[in-house]
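Coordinate analysis (summary)
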Amino acid sequence: MTQQKYKNIAMEKTVILCVDDEKIILNSIKAQLKANYGNSFLYETAESANEALEIIDEIMMDLTVRLIIISDWLMPGIKGDEFLIKVHNKYPNSLKIMLTGQADTKSIEKTRKEASLYKCIRKPWVQSELFSCIDSGSATN
């Protein structure tokens, strides 16, 4: 990915970044988001927290964009709570959503406190719940 990809984006654009180590989950979420929101957002995916951090830094380098992150919790390397805390420390205005089937209450509460986690949605997710979360979070963020 290169910076050139983001050069012609309107400054008001919102990027939704989905982070999950399972490609099938990423493809499913991205397809659902595109079907519901069309071109209202830009969509990015990452299969690890490290890859996501690189994408975020690249997106935020030259542009003032709004960032929505939908992250799994149980991933190899950096878990979702640690990842979202890192993102929050660097980009506190991003909207952070955890989508997980395995995070424990302690990890979720830690992420709420230290990363301003907006919402935790349990897998398997209900599309309408995810869309409602994005809609309400976008309106308040």
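Use the structure listed above.
Residues numbered from 1 in each chain as written. Predicted model: local features only at pLDDT ≥ 70, side-chain atom pairs only at ≥ 80, totals over all residues. Heavy atoms only, no water.

**A few points about the packing of aromatic side chains**
Stated precisely, the cut-off is as follows: Pairing of aromatic side chains here covers Phe, Tyr and the six-membered ring of Trp, requires ring centres within 6.5 Å, and sorts the geometry by plane angle: under 30 degrees stacked, over 60 edge-to-face, intermediate tilted. Relative accessibility under 20% of the residue-type maximum defines a buried residue, over 50% an exposed one, and the middle range a partly exposed one, all with a 1.4 Å probe and only protein chains included.
This model, assessed by the stated rule, comprises three aromatic pairs. Pairing Y37 with F41 gives two aromatic rings, centres 4.9 Å apart and planes at 80 degrees, and the pair type is edge-to-face. Judged by its relative accessible area of 12%, Y37 falls in the buried class. Relative to Y43, the ring of F41 lies with its centre 6.5 Å away and its plane at 70 degrees, an arrangement referred to as edge-to-face. As far as the burial class goes, F41 and Y43 line up, both buried. Feature note: the residues Y37, F41, Y43 and F131 constitute an aromatic cluster, connected by ring pairs.

**Considering helix α1 (residues 23-37)**
Here is the rule: Each helix is a run of DSSP H or I of at least 4 residues and each strand a run of E of at least 2, with the numbering of both proceeding from the N terminus. Helix span, as expected, comes to 1.5 Å for every residue beyond the first. Every residue pair with non-hydrogen atoms within 4.5 Å of one another is taken to be in contact.
Taking 1.5 Å as the rise per residue, α1 with 15 residues should run 21 Å; its terminal C-alpha atoms sit 21 Å apart, in good agreement. The secondary structure elements touched by the buried residues of α1 are β1 (14-19), β2 (41-46), β3 (66-71), β4 (95-100) and α5 (127-140).

**Brief notes about the nonpolar core**
Selection rule: By convention a nonpolar core is built from buried Ala, Val, Leu, Ile, Met, Phe, Trp, Tyr and Cys residues, the set being connected through side-chain atoms within 4.5 Å.
Membership of the largest hydrophobic core comes to 27 residues, with the highest contact counts inside it found for L17, V19, I56, I69, F83, L84 and M98. Within the residue set of this core, elements represented by two or more residues are β1, α2 (49-62), β3, α3 (80-90) and α4 (105-115). Considering each element in turn, this core owes the most residues, six residues, to α2. Once residues within four sequence positions are removed from consideration, F83 is found in contact with V19, A49, A52, L53, I56, I69, S71 and I78. In this structure, L26, I29, I68 and L130 belong to the second largest nonpolar core, which totals 20 residues.

Taken by themselves, the reported measurements are silent on function.
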